[in-house]
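If you want the building blocks of each chain, they are given just below.
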Amino acid sequence: MSTNKSKEELQAEQEAAKQQIQQLLDTSRPKNLRHGVVSGVGNIVSGCVGMVGMVVLAPTVGASMGAKQGGIIGGTVGLVGGAVVGVVGGAAMAVGGAVQGATQMIRGVAAVPDSVMEPRRGKWWNDVEGKWILTHLDDESKSLIDVPEDDEDILREAKKDADDATKPPD
């Protein structure tokens, strides 16, 4: 079994890793101070975990790949190269996590006035859109006038279709 991957496979893996890192470093708009702090601390911790993983895995992978291609000398060169990549990449992960974390905390502080005022204005926080939404219940009830109270109409049609399908042809 060959472990050599094509350029396209490596690019696909790299893109998948970038998406996972972006999910780890959550940048959603916080609802209030608590959400900002929780998200910020999570980003900082994720950056630190990523740093540790990079520092440990890069030299290991470098040494392994180098040893496969060039024996002991290749393994040594791979180890050193992996260590450099691990240190630089790990530092980037830690700094990125810290910056994202600080940003989320600042955004949480900035969200405090809205988190106090918007519920008083009758708004609610929509987690999907990441913003305060005003819902007019009168308008919502008017839009539901044509919707039946139950599923009897759907069930009646389904029963009719089932009866028609099981009827012997005339």
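Residues numbered from 1 in each chain as written. Predicted model: local features only at pLDDT ≥ 70, side-chain atom pairs only at ≥ 80, totals over all residues. Heavy atoms only, no water.

Quick notes on the overall build of the chain
The cut-off we apply is this: Think of it this way: any DSSP run of H or I at least four residues long counts as a helix, any run of E at least two long counts as a strand, and we number them from the N terminus. Each radius of gyration reported is based on C-alpha atoms, and the globular scaling rule is 2.2 Å times the count of residues to the power 0.38. The rule is simple: take the accessible area with a 1.4 Å probe, protein chains only, and divide by the maximum for that residue type; under 20% is buried, over 50% is exposed, in between is partly exposed. Accessible areas in this description were obtained via Shrake-Rupley with a 1.4 Å probe; residue shielding takes into account the shown protein chains only. Counting rule for charge: Lys and Arg are taken as positive, Asp and Glu as negative, and neither His nor the chain ends is counted. For the purpose of locating charges, the reference atoms are NZ of Lys, CZ of Arg, CG of Asp and CD of Glu.
Per the secondary structure count, the chain includes 5 helices and 2 strands. The N-to-C order of helical and strand elements in the chain reads α-α-α-β-β-α-α. At 28 Å, the chain has a C-alpha radius of gyration far larger than the 15 Å of a compact globule built from 170 residues. Taking the principal axes of its C-alpha atoms as reference, the chain extends roughly 80 × 65 × 20 Å. Taking all 170 residues of the chain together, 20% fall into the buried category. When the accessible surface of the chain is split by element, carbon and sulfur atoms take 63% of a total near 12600 Å². Charge centroids of the chain, computed over 17 positive and 23 negative side chains, lie 11 Å from each other.

A word on helix α5 (residues 152–166)
Going by this rule: Helix span is expected to be 1.5 Å times the residue number reduced by one.
If you check α5, its first and last C-alpha atoms are 21 Å apart, about what 15 residues at 1.5 Å a residue would give, namely 21 Å. For α5, the buried fraction is low: 0 of the 15 residues fall into the buried class.

Examining the pairing of strand β1 (residues 123–126)
Which entries qualify depends on this criterion: Only strands that DSSP links by at least two bridges are regarded as paired with each other.
Relative to strand β2 (residues 131–134), β1 is paired through 4 bridges, and the arrangement is antiparallel. Bridged to Trp124 within β2 is Ile133. A loop of 4 residues connects β1 with β2, the two strands running antiparallel in sequence, and Gly130 in this loop sits at a positive phi of about 70°.

Some thoughts on the confidence of the model for the chain
Worth spelling out the cut-off: Per residue, pLDDT captures the predictor's confidence, and it can take any value from 0 to 100.
Confidence in the prediction for the chain averages 85 pLDDT; 94% of positions are at 70 or higher. Per-element averaging of pLDDT across the chain places helix α1 (residues 7–24) at the bottom with 74 and helix α3 (residues 112–120) at the top with 92.

Structural notes on a negative patch on the surface
Quick note on the threshold: Note on patches: the residues involved have over 30% relative accessible area and no salt bridge, like charges join within 9 Å, and the nonpolar side chains Val, Leu, Ile, Met, Phe, Trp and Tyr join within 5 Å. The salt bridge criterion pairs a side-chain nitrogen of Lys or Arg with a carboxyl oxygen of Asp or Glu, the two atoms within 4 Å.
Residues Glu149, Asp150, Asp151, Glu152, Asp153, Glu157 and Asp161 make up a contiguous surface patch of negative charge. Take Asp150: it is sitting in the loop between α4 (137–143) and α5. Since its relative accessible area comes to 47%, Asp150 is described here as partly exposed.

Let's talk about helix α2 (residues 33–110)
Heads up, the condition is: Two axes are fitted around each residue, one to the seven residues ending there and one to the seven starting there, and the angle between them is reported as the bend at that residue.
Relative to the 116 Å expected for 78 residues at 1.5 Å per residue, α2 spans just 8 Å between its end C-alpha atoms, considerably shorter than the ideal helical length. At Gly70, α2 is deflected by roughly 150°, the largest bend along its length.

Overview of the pattern of salt bridges
Taken as a whole and assessed by the stated rule, the structure comprises 5 salt bridges. Arg29 is paired through a salt bridge with Asp114; the nearest N and O atoms lie 3.7 Å apart. Here the residue Arg29 occupies a position in the loop between α1 and α2, and Asp114 occupies one in helix α3, the gap between them amounting to 85 residues. Looking at Arg29, the relative accessible area reads 37%, which means it is partly exposed. Asp114 gets classed as partly exposed once you look at its relative accessible area, which sits at 29%.

Focus on the side chain of Glu118
Convention followed: For this analysis, residues touch if any pair of their heavy atoms sits within 4.5 Å.
Considering the arrangement of structural elements, one finds Glu118 in helix α3. On the basis of relative accessibility, which here comes to 7%, the residue Glu118 falls in the buried class. With sequence-adjacent residues up to four places away left out, Glu118 is seen in contact with Lys123 and Trp132.

Section: a nonpolar patch on the surface
A contiguous nonpolar surface patch, about 680 Å² in accessible area, is contributed by Leu33, Val37, Val41, Val45, Val49, Val109, Val112, Val116 and Met117. Going through the elements one at a time, α2 and α3 are the ones with two or more residues in the nonpolar patch. The element best represented in the nonpolar patch is α2, accounting for 6 residues. Mapped onto the secondary structure, Val109 falls in helix α2.

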